[in-house]
Amino acid sequence: MFTLPDLSYAYDALEPHLDKATMEIHHSKHHATYVSKLNEALDKEPKMQDKSLDWLLANLPEVPDTIRTAVRNHGGGHYNHSLFWQIMSPNKSQPSAQLVEAIDKSFGSMEKFKEQFNQTAVSLFGSGWAWLVKKSDTNLIIMTTNNQDSPISQGMEPILGLDVWEHAYYLKWQNKRADYVSTWWQVVNWSEVSRRFNG
Ligand code: MN
């Protein structure tokens, strides 16, 4: 049985960038529903119940077709949101020297990386995610996934991800996705992103 992880900060901790109501609904309703629907699906296929979430998403073709779509959508939702909460923090931190070096090498500079990431997140049509993924120790790329698809289903290792579903920003930002995307950098937990990069 999968469970909803607690946040390591209060629902209002990321104000004014991410508002309390959005955080509370996003975590306690949206994410909780992904977890319960994932568990419901796994109830139907007991032999899948000892698999880790990483395994399920990285091996979707081996998941029985009776529950594959549910695992893809709700398991992906559980994975993506669990990462999302961790890579945000009310406490300012800096990326590690190795991560800065890889970002410089892959995108030219931190500034250029953010510009390209913002552009990607803003222009993603419909619901989905923008990601920074690690291709190798020195090579990073930006990618998107639709809906709740997870980069690990494509063999990619995400170290940073931004939820651009409307449920992630609409209460505060309405149609102004670009404002949500640019303000979000204020709450990125670079310690955690660096930990994922180094790990
Ligand atoms: Mn979401």
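Data block above holds the structure.
*Asks:* Break down the coordination of the manganese ion for me, citing the residues and quoting the values.
*Replies:* Within the protein, the atoms that donate to the manganese ion are His-26 (NE2), His-81 (NE2), Asp-163 (OD) and His-167 (NE2), at distances of 1.9 to 2.1 Å. All donors of the manganese ion belong to a single chain; written as a sequence motif, their spacing is H-x54-H-x81-D-x3-H. With respect to burial, Asp-163 and His-167 carry one shared label: buried.

*Asks:* Give me the packing of aromatic side chains: which residues, what numbers.
*Replies:* The description of an aromatic ring pair rests on the distance of the ring centres and on the angle between the ring planes. Summed over the entire model, instances satisfying the criterion amount to 11 aromatic pairs. On the basis of an interplanar angle of 55° and a centroid distance of 5.0 Å, the ring pair of Trp-184 and Trp-185 is categorised as tilted. Just as Trp-184 is buried, Trp-185 falls in that class too. An aromatic cluster is built from Phe-107, Phe-113, Phe-117, Trp-184, Trp-185 and Trp-190, whose rings are joined through pairwise contacts. Here the guanidinium or amino end of Lys-51 rests over the ring plane of Trp-55, the centre of that ring lying 4.4 Å away. Sitting over the ring of Phe-197, Lys-134 keeps its end group 4.9 Å from the ring centre.

*Asks:* So what's going on with the sheet that holds strand β1 (residues 128-134)? Residues and values would help.
*Replies:* In space, the 3 strands of this open sheet follow the order β2-β1-β3, with antiparallel pairing throughout. Among the strands making up the open sheet, the edge pair consists of β2 (140-146) and β3 (157-163). Geometrically, the sheet is characterised by an average inter-axis angle of 25° between neighbouring strands, direction not taken into account. Summarising the sheet, β1 and β2 pair through 7 bridges and their orientation is antiparallel. Bridge assignment links Trp-131 to a residue of β2, and that residue is Met-143.

*Asks:* Now, about the nonpolar core: what can you tell me, with residues and values included?
*Replies:* Considering soluble globular proteins, one finds that nonpolar side chains tend to be buried as a cluster. If you look at the biggest cluster of nonpolar residues, it comprises 60 residues, and the most contacted ones within it are Met-88, Phe-113, Leu-160, Tyr-180 and Trp-184. The dominant element in this core, judged by the number of residues it contributes, is helix α1 (residues 20-43), at 6 residues. Apart from the residues within four sequence positions on either side, Leu-160 is in contact with Leu-83, Ile-87, Phe-113, Phe-117, Ala-130, Trp-131, Leu-132, Trp-184, Trp-185, Val-188 and Val-193.

*Asks:* I'd like a rundown of unusual backbone geometry, residues and numbers included.
*Replies:* The omega angle of the peptide bond from Glu-15 to Pro-16 is 0°, so this bond is cis rather than trans. Secondary-structure assignment places Pro-16 in the segment before α1.

*Asks:* Tell me about the packing of helix α5 (residues 110-123) against helix α7 (residues 177-184), residues and numbers included.
*Replies:* The N-to-C vectors of α5 and α7 enclose an angle of 145°; their axes lie 9 Å apart at closest approach. Regarding α5 and α7, the two cross each other, and that crossing is right-handed. Residues Phe-117, Asn-118, Ala-121 and Val-122 of α5 lie in contact with α7, whose contacting residues are Arg-177, Ala-178, Val-181, Ser-182 and Trp-184. Here the contact of α5 with α7 is composed, by residue class, of 6 nonpolar, 2 polar and 1 charged.

Calculation notes
- Residues numbered from 1 in each chain as written.
- Predicted model: local features only at pLDDT ≥ 70, side-chain atom pairs only at ≥ 80, totals over all residues.
- Heavy atoms only, no water.
- Donors = N, O, S within 2.8 Å, 3.2 Å for Na, K, Ca; no water.
- Buried < 20%, exposed > 50% of the residue type's maximum accessible area, 1.4 Å probe, protein only.
- Phe/Tyr/Trp six-rings, centres within 6.5 Å; stacked < 30°, edge-to-face > 60°.
- Lys NZ or Arg CZ within 6 Å of the ring centre and 35° of its normal.
- Pairing = 2+ DSSP bridges.
- Helix = DSSP H or I, 4+ residues; strand = E, 2+ residues; numbered from the N terminus.
- Axes fitted to C-alpha atoms, helices over the stretch in contact; angles between N-to-C directions.
- Core = buried A, V, L, I, M, F, W, Y, C linked by side-chain atoms within 4.5 Å.
- Contact = heavy atoms within 4.5 Å.
- Left-handed = near helix turned anticlockwise from the far one by under 90°.
- Nonpolar A, V, L, I, M, F, W, Y, C, P; charged D, E, K, R; others polar.

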